[in-house]
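# Descriptive structure summary
Chain residues, written in single-letter form:
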Amino acid sequence: MSTRKRSDIWMHFVGVNQAQARCQYCKNLISVHGGSTSNMRRHLKTKHPTALLADTQQTTTGTAEAAATTSATASTSTDSGVASTSTQLATATTTAPQAARKRPKQTTMGGFINRPIQPLQQSKVDQALVKMIATDFQPFTIVEDRGFRAYTAALDPSYVLPSRGTISKRMLPNLFEKVRAELQEQIRTAPAVCLTTDYWTSNTTTSYMSVTCHYITDFKLRSNLLDCFVVAESHTSQNLAQELSRVAKEWGIQDKIAACVTDNASNIVKAVNDILKWNHVRCFAHLLNLTVRSSVHQTEIQALILKVKSIAEYVRRSTVASAKLREMQLQMGQVQLRMKQDVATRWNSTYFMMQRAIEIKEPLVSTMALLNPLLPALTPEEWDITKEVCDILKPFEEVTVEMSSERFVTGSKAILMARGLQRIVAHRQRNPSTHEPVKGMVNFLAADLEKRFGQIERVRVLAEATLLDPRFKKHAFVIERNAEETVSRVVGAATHAATPTLPSTEEEEEEEGGTTVNPPSEPVPQFWADFEERVTTLRPGVQNPSTGAMLEIKGFLAEPLIPRKADPLEWWRVRALVYQNICTVMKTRLCIVATSVPSECVFSKTGQIITDRRNRLSPSKVRELVFLNANL
């Protein structure tokens, strides 16, 4: 080929003829018709990109060396001819544009300066910070901690931490109002709600009252904390009723309250029942607590518990005893377990303490024998009694856990759980223990269960919730009459829900300038009159609400029971169009919870917020923090 090849791309190709060139790497023929090098450059970019990269690096290095050589030649060869100088200048002029194209882009000053964070991103991070403080029980002073500031700077140097004053006075209240408004809008659409309430005194001797709300939306059981506030006045029935009424009005639910669950205190019972006239449900867990605590306070059982408690206190307090117990457990090939200690206000803590003593009986007895403390030891008979007491209390603990959940429907289980415990205790009465203290405890449990739960089927809201639960229906009732009365009440409620609202007189009047014309009904021939009279009430759309409700409840009760662990609300979601009126009543009953544990759990979290490091928090800040912690 006679044409001069000026492009550096020819370093990678060999000309074959005027129209083709061969790649030196893959030996493929590339079209170069008309002298164009675009096809060859495209081929290198797609098939051999490293060849172009190496070529670029060599060109950059060569350009720098050539510039240095040119500068040296110009300074040392001053006596050369004019033709030589012209040649060097021409070469430098030709190389300069190529060097400019190959030179990497120069770094600007912006590459060394941290750009300030955008306002929108700053706001998002600030909100996440406030949520973390509320969710994780962190103090406001965390933003002043040296380690946290260093950690934040490492994540994003441009982020500016707000001061604790800004968080406390502006950011936390703003987030509180935002979340509260969103929840108010959500609860406003609920057909009915169930409230739970309780009160607690902090370590700063401040009395707080909490109110939680439970409702069904989209066939899911929701739970939210409505308020946790200071009760400065004495806890009289009137004051408690005023506070509960205030919370209900603020949230717009005063006409939606299906039931209110509280403990057995006389002041709150009177406030809900007599003053507010709400349906009151006594906390199932609290009633069990009273029953079991009374049964274990018998003289013989209490003496046994005190012995176990003294051993637990000694082992937990003495480092020598704790080390010796671990050593004995290792020697006997057992898992290393610590002794548990009971709390006076919780019977289940006594159960856990005695159960743990049974589990580590052998190493515990060996430890006490080796150390020989001045403590009364349990006799073999007392160990047997301890095991029997644990066996008796185990179902009560399981029922307490089952009924304390706030994520699942629990109100409909109350009748079944009470009857189940009564049957277990009755079975132990028929098969009595050989130990008199255990016999006395069983007899006391039977009598107290009958006293507190004997009429539970007569608690209307719980009975209706049980009937409308597709897992139980009428099969949960022991007394048939109670079941039939519950069916009648549900039919009445469904009839009321199906009854259309009558139009007002103003709506019936003709609008000004217009007339209302009712189309005349077509006369029924006489030979159809008898048939129409007999079947009119059976046709959809023309039957009266009472008949429709009765047909729905019959169809519902005829359906097979679903598994005990199935979700009843999911079943109702599928059948909502089939049993429309019964489904409306269901939403006002299956939202009822069996215990006031949700309100008590609020105070467990509040105790983590009001600590020695945060003991100067104002009641308003405690209210905002507790609310956000429960609802975020």
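- In the nomenclature of an unreviewed UniProt entry, the protein is known as BED-type domain-containing protein of Pogonophryne albipinna.
- The heading Subcellular location (unreviewed entry) in the UniProt record of the protein holds the text "Nucleus".

### Re the overall build of the protein
- Of regular secondary structure, the protein possesses 25 helices and 8 strands.
- Residues classed as buried in the protein amount to 40% of the 632 residues present.
- The long-range share in the protein, meaning contacts at least 24 apart out of those at least 6 apart in sequence, stands at 65%.
- Accessible surface, the protein as shown: approximately 36100 Å² in total, 53% of it carbon and sulfur.

### Comments concerning the layout of surface pockets
- When its volume is computed, the largest pocket comes out at roughly 550 Å³.
- As for the largest pocket, its lining consists of 20 residues, and the residues nearest its centre are Asp 198, Thr 345, Arg 346, Val 597 and Glu 600.
- Those elements that place two or more of their residues in the lining of the largest pocket are strand E4 (193-201), helix H9 (284-296), helix H12 (347-359) and helix H24 (597-609).
- Per element, the largest residue contribution to the lining of the largest pocket is 5 residues, and it comes from H24.
- Considering the residues around the second largest pocket, the lining is formed by 19 residues, among which Glu 402, Phe 408, Val 409, Lys 413 and Arg 471 are closest to the centre.
- Breaking the lining of the second largest pocket down by element, the ones donating at least two residues are strand E6 (220-230), helix H14 (380-403), helix H15 (414-430) and helix H22 (568-575).
- Counted by class, the lining of the second largest pocket contains 10 nonpolar, 1 polar and 8 charged residues.

### A look at the packing of aromatic side chains
- Applying the stated rule across the entire model yields 11 aromatic pairs.
- Considering the side-chain rings of Trp 571 and Trp 572, the 5.2 Å spacing of their centres and the 85° angle between planes classify their relative orientation as edge-to-face. Pair check on accessibility: Trp 571 and Trp 572 agree, each one buried.
- Centroid distance Trp 571 to Tyr 579: 6.4 Å. Interplanar angle 10°. Geometry classified as stacked.
- Owing to a relative accessible area of 8%, Trp 571 belongs among the buried residues under this scheme.
- For Tyr 579, a relative accessible area of 7% corresponds to the buried category.

### Comments concerning the packing of H14 against H15
- Two numbers describe how H14 lies on H15: the axes approach to 11 Å, and their chain directions differ by 175°. By the angle between their directions, the pair H14 and H15 is classed as roughly antiparallel. On the side of H14, the interface is formed by Asp 391, Ile 392, Pro 395, Phe 396, Val 399, Glu 402 and Met 403, while H15 contributes Ala 414, Met 417, Leu 421, Ile 424, Val 425 and Arg 428.
- Partitioning the contact of H14 with H15 into residue classes produces 10 nonpolar, no polar and 3 charged.

### Details of the nonpolar core
- Counting 89 residues, the largest nonpolar core has Phe 284, Leu 364, Phe 396, Trp 572 and Met 586 as its most contacted members.
- Filtering out sequence-adjacent residues up to four positions away, Met 586 remains in contact with Ile 216, Phe 219, Leu 468, Leu 569 and Trp 572.
- If you look at the next biggest cluster of nonpolar residues, it comprises 55 residues, including Tyr 208, Leu 226, Val 272 and Val 602.

### Focus on the sheet that holds strand E1 (residues 13-15)
- With respect to topology, 3 strands assemble into an open sheet ordered E1-E2-E3, the strand pairing being antiparallel. Because the sheet does not close on itself, it has two edges, and the strands there are E1 and strand E3 (29-31). Across this sheet, the average inter-strand angle for adjacent strands is 35°, counted without regard to direction.
- In this sheet, strand E2 (residues 20-23) lies alongside E1 in antiparallel orientation, the contact comprising 3 bridges. In the strand pairing of E2, Val 14 is matched with Arg 22.

### A few points about the sheet that holds strand E5 (residues 207-217)
- Taken in spatial order, the 5 strands line up as E6-E5-E4-E7-E8 in an open sheet, and their pairing is mixed. Bordering the open sheet on either side are E6 and strand E8 (280-282), each of which pairs with just one other strand. If you compare each strand with its neighbour and ignore which way they point, the axes differ by 25° on average.
- Sheet strands touched by helix H6 (residues 164-188): E4, E5 and E6. Its angle to E6, the strand with the most contacts, is close to 130°.
- Contacts from helix H25 (residues 619-631) reach E5 and E6 within the one sheet, and its direction differs from that of E6 by about 170°.

### Examining the pattern of salt bridges
- Inspection of every chain in the model, using the stated rule, returns 25 salt bridges.
- In this structure, Glu 327 engages Lys 324 in a salt bridge whose closest nitrogen and oxygen atoms are separated by 3.5 Å. With Glu 327 and Lys 324 both in helix H11 (residues 319-331), this residue pair falls 3 residues apart, about one helical turn.
- Exposure remark for Glu 327: the relative accessible area of 36% places this residue in the partly exposed category.
- A relative accessible area of 23% places Lys 324 in the partly exposed class.

### Observations concerning helix H21 (residues 545-558)
- With 14 residues, H21 should reach 20 Å at 1.5 Å per residue; the first-to-last C-alpha distance of 20 Å fits that figure.
- Within H21 the residues assigned to the buried category are Gly 548, Ala 549, Glu 552, Ile 553 and Phe 556. Seen along its axis, H21 keeps its buried residues to an arc of 130°; they face one direction. Among the exposed residues of H21, those oriented more than 90 degrees off its buried face are Lys 554 and Ala 558.
- Tucked inside the fold, the buried residues of H21 contact helix H17 (460-467), helix H18 (480-498), H22 and helix H23 (580-586).

### Topic: the environment of Lys 474
- Residue placement: Lys 474 occurs in the loop between H17 and H18.
- By relative accessible area, which is 25% here, Lys 474 ends up partly exposed.
- Placed 12 residues apart in sequence, Lys 474 and Thr 486 show a C-alpha to C-alpha distance of 9.0 Å.
- With near-sequence residues (within four places) excluded, Lys 474 lies in contact with Leu 467, Glu 480, Ala 483, Glu 484, Val 487 and Leu 557.

Rules behind the numbers
Residues numbered from 1 in each chain as written. Predicted model: local features only at pLDDT ≥ 70, side-chain atom pairs only at ≥ 80, totals over all residues. Heavy atoms only, no water. UniProt positions renumbered as here; feature names shortened; annotations may be inferred. Helix = DSSP H or I, 4+ residues; strand = E, 2+ residues; numbered from the N terminus. Buried < 20%, exposed > 50% of the residue type's maximum accessible area, 1.4 Å probe, protein only. Contact = heavy atoms within 4.5 Å. Areas by Shrake-Rupley, 256 points an atom, 1.4 Å probe, with all protein chains shown as cover. 1 Å grid on protein atoms, 1.4 Å probe; cavity = no way out; pocket = protein on both sides within 12 Å on 5 of 7 lines; lining within 4 Å. Points joined across faces, edges and corners; volume = space filled by probe spheres on them. Nonpolar A, V, L, I, M, F, W, Y, C, P; charged D, E, K, R; others polar. Phe/Tyr/Trp six-rings, centres within 6.5 Å; stacked < 30°, edge-to-face > 60°. Axes fitted to C-alpha atoms, helices over the stretch in contact; angles between N-to-C directions. Parallel < 35°, antiparallel > 145°, perpendicular 65-115°, else oblique. Core = buried A, V, L, I, M, F, W, Y, C linked by side-chain atoms within 4.5 Å. Pairing = 2+ DSSP bridges. Salt bridge = Lys/Arg side-chain N within 4 Å of Asp/Glu carboxyl O. Expected span 1.5 Å × (residues − 1). Arc of directions from axis to C-beta.

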